[in-house]
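Chain residues, written in single-letter form:
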Amino acid sequence: MALFDSLTDQTNEWPSGVTNRAATNELSPEVSGDLDSDSTVAELAAEIKPRYHIAGSKGIFYSREPYYNDGVVHVTRFIGLAAVGNKDKQKFIHAISPTPASMMTGIEISAKPTNTTLSPYNEDRRTNSKESVKRPVDNTVETQYWRYEVKKQRQGDGEQDKLCFKFLSSDCPRGEKCHFRHDPDAREQYKRGVCFDFLNKGRCDRGPDCQFEHKLLDESSKRRRLEGGSINRSKECWFCLSSPNVEADMIVSIGEHFYCALAKGPLVDDHVLVIPIEHLHSTLSAPPECERELQKFRSSLRLYSKNQGKETVFFELISKRGTHANLQAVPVPLTKASALKNIFIFAAKKLGFDFEVVDGKTIEVLSDDLIALLAKDNSDGKRLSTLQSESKFGFFYAELPDHTILSHSIEEQENFPVQFGREVVAGLLKMPEKADWRNCKLSKEEELKLVETFKSQFELEQR
């Protein structure tokens, strides 16, 4: 076993029991079986608690949900790689971009995705213990049942083992005299929309009729839930890395929260999409810990364009239907960059609306992207943020090279073109035939060549 900066474990053997508490509906017999697994590796992984664990003895690809570790704040991600050149064309290479803990904030280190489960190795230890008692708990519930599990190990079934509903929902007038348990963590989970019965008993008997969440949520999950964003990744989504439909060959850079990929049917050769790894409907709805990485990608793309003698225009169409967000970045020649604002405004008037304009001159130099702008305590930033959050049917914005931002809230019956941003830039570049990406499809060989060329010239700026 090799250990690098306490970030990553690399072993040949899979750890025994790594699929415990994993989503059982996504497990094949080859993944869940104990063949080519090693209990010693499992003990080491449970002891070392790496942020990433990569193994290859089973010869099949498997990306497990992140899991909690006892005694530390970070989660572990296990990735099993397939054999090179396997006949099923499963992934035998997987890109990760871990940041050393010394360069991360406490919030970044302790961030936990919504599908995080309990440690698979703790369950394995309990199963092997003579004192273990098998409980008839549903697998889906068991994967999320961690903090409150210890309560069920107490002797007896008295009231003090049960949560106080008044404390969770508002405030309990009995205070310390209350016979029920006052758990601040459970109270926070309840406020985020988690089912009371799930918190109190580890299960909910109402099944699909229950309108509350049956898993633990972090703060970012609560925010996305309130905004109507999708928490679960769609297996049919083109952009979810867990989807079989994702065009992995087009990816040029992967971060912790976002990845960059060349566009299918590109408007220009270096037309790039910045895509959240998690299924978010908008890059503006990404949690705060993701903002720094999004800013890095934006800055790197701007720097890339400048080195090519061009400027970058960013635009995004936000749909309330829950489609996966993608922020488009298109380089344009310096000679045409100054005309972007006028042509966008002209196109908007043709469609019968006017843009809300945030003048780039009012933005401080340090505000290097839209996210930074929204974080500023100024009326323009608050106005744009309010427009996006209050828009019920859609939102479009474009960020020009001089940081001017054009935004538009889409109305219910408005026939807003899905390819509006691309159509405008295609017109500026005098390539109207490329307004539809389907007219620009390339062969797989041509795509791979573009990816190779772009990668050789593009580097994510390290800060």
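Residues numbered from 1 in each chain as written. Predicted model: local features only at pLDDT ≥ 70, side-chain atom pairs only at ≥ 80, totals over all residues. Heavy atoms only, no water.

Chemist: Go over the pairing of strand 16 (residues 405-409) with me, naming the residues and quoting the values.
Modeler: Side chains on a regular strand alternate between the two faces of the sheet. Taken across its five residues, strand 16 has five buried, putting it largely inside the fold. Neither face of strand 16 is open: one carries I405, S407 and S409, the other L406 and H408, and all of them are buried. Here strand 15 (residues 394-399) pairs with strand 16 via five bridges, running antiparallel. When the bridges of strand 16 are listed, F395 appears paired with S409. Here strand 15 folds back onto strand 16, and the loop between the two strands holds five residues, one of which, H403, carries a positive phi near 75 degrees. (Buried < 20%, exposed > 50% of the residue type's maximum accessible area, 1.4 Å probe, protein only. Helix = DSSP H or I, 4+ residues; strand = E, 2+ residues; numbered from the N terminus. Pairing = 2+ DSSP bridges.)

Chemist: So what's going on with the pattern of salt bridges? Which residues, and what values?
Modeler: What the rule picks out here adds up to 12 salt bridges. Where K444 meets E247, a salt bridge forms, and the shortest distance between an N and an O atom there is 3.3 Å. In this pair, K444 is assigned in helix 16 (residues 444-457) and E247 in the loop between helix 9 (219-227) and strand 9 (251-254), connecting sequence segments 197 residues apart. Residue class for E247 comes out partly exposed when judged on its relative accessible area of 31%. Residue R302 pairs with E399 through a salt bridge whose shortest N-O separation is 2.9 Å. With R302 in helix 10 (residues 291-307) and E399 in strand 15, this pair connects stretches of sequence that are 97 residues apart. Using a relative accessible area of 1% as the deciding quantity, one classes E399 as buried. One network of salt bridges, with partners in common, ties together E247, D249, K264, K444 and E447. (Salt bridge = Lys/Arg side-chain N within 4 Å of Asp/Glu carboxyl O.)

Chemist: Outline the packing of helix 12 (residues 340-351) against helix 15 (residues 420-428), listing residues and values.
Modeler: Where helix 12 meets helix 15, the closest approach of the two axes is 10 Å, and the angle between their N-to-C directions is 125 degrees. On the basis of their axis angle, the class for helix 12 and helix 15 is oblique. Relative to helix 15, helix 12 is oriented so that their crossing is right-handed. Touching L340, I343, F344, A347, A348 and L351 of helix 12 are F420, G421, V424, V425, G427 and L428, all from helix 15. For the contact of helix 12 with helix 15, the per-class residue count stands at 10 nonpolar, two polar and no charged. (Axes fitted to C-alpha atoms, helices over the stretch in contact; angles between N-to-C directions. Parallel < 35°, antiparallel > 145°, perpendicular 65-115°, else oblique. Left-handed = near helix turned anticlockwise from the far one by under 90°. Contact = heavy atoms within 4.5 Å. Nonpolar A, V, L, I, M, F, W, Y, C, P; charged D, E, K, R; others polar.)

Chemist: I'd like a description of unusual backbone geometry, backed by residues and values.
Modeler: Positive phi, close to 70 degrees, is recorded for R21, a residue that is not glycine. When you line up the elements, R21 lands in the loop between strand 3 (14-15) and helix 1 (29-32). Backbone geometry places K430, a non-glycine residue, at a positive phi of 60 degrees. Along the chain, the position of K430 falls in the loop between helix 15 and helix 16.

Chemist: Could you give an account of the environment of Y68, with specific residues and numbers?
Modeler: Mapped onto the fold, Y68 is located in strand 7 (residues 67-68). By relative accessible area, Y68 is classed as buried at 14%. With 51 residues separating them along the chain, Y68 and S119 place their C-alpha atoms 5.2 Å apart.

Chemist: Requested: an account of the sheet that holds strand 15, with residues and values cited.
Modeler: Within the open sheet, the eight strands sit side by side as 9-10-11-13-12-15-16-14. Their pairing is antiparallel. The sheet terminates laterally at strand 9 and strand 14 (356-358), the two strands that pair on one side only. Looking at each pair of strands side by side, their axes are set apart by 20 degrees on average, direction ignored. Across three bridges, the pairing between strand 9 and strand 10 (residues 258-262) is antiparallel. Paired with I254 across the bridge in strand 10 is Y259. Running at roughly 140 degrees to strand 12 (residues 310-319), helix 10 makes contact with strand 9, strand 10, strand 11 (272-276), strand 12, strand 13 (327-333) and strand 15 of the sheet.

Chemist: Residue-level account of the packing of aromatic side chains, with values.
Modeler: For the structure on display, the rule yields 19 aromatic pairs. Plain terms: the ring middles of F353 and F416 are 5.9 Å apart, the flat faces sit at 45 degrees to each other, and that makes the pair tilted. One end of the pair, F353, is in the loop between helix 12 and strand 14; the other, F416, is in the loop between strand 16 and helix 15, with 63 residues separating them in the sequence. The exposure class assigned to F353 is buried, which follows from its relative accessible area of 7%. On the basis of relative accessible area, F416 is assigned to the buried category, the value being 11%. Residues F396 and F416 carry aromatic rings whose centres are separated by 5.7 Å and whose planes lie at 45 degrees to one another, so their mutual orientation is tilted. A residue pair is termed long-range when its members are at least 10 positions apart, and F396 in strand 15 and F416 in the loop between strand 16 and helix 15 qualify at 20 residues. For the pair F396 and F416, a shared accessibility class is recorded, and that class is buried. Members of the aromatic cluster, each reached through a chain of ring pairs, are F344, F353, F355, F396, F416 and F420. Directly above the ring of W14 sits K58, whose terminal nitrogen or CZ lies 5.3 Å from the centroid. (Phe/Tyr/Trp six-rings, centres within 6.5 Å; stacked < 30°, edge-to-face > 60°. Lys NZ or Arg CZ within 6 Å of the ring centre and 35° of its normal.)

Geometric values such as these leave the question of function open.
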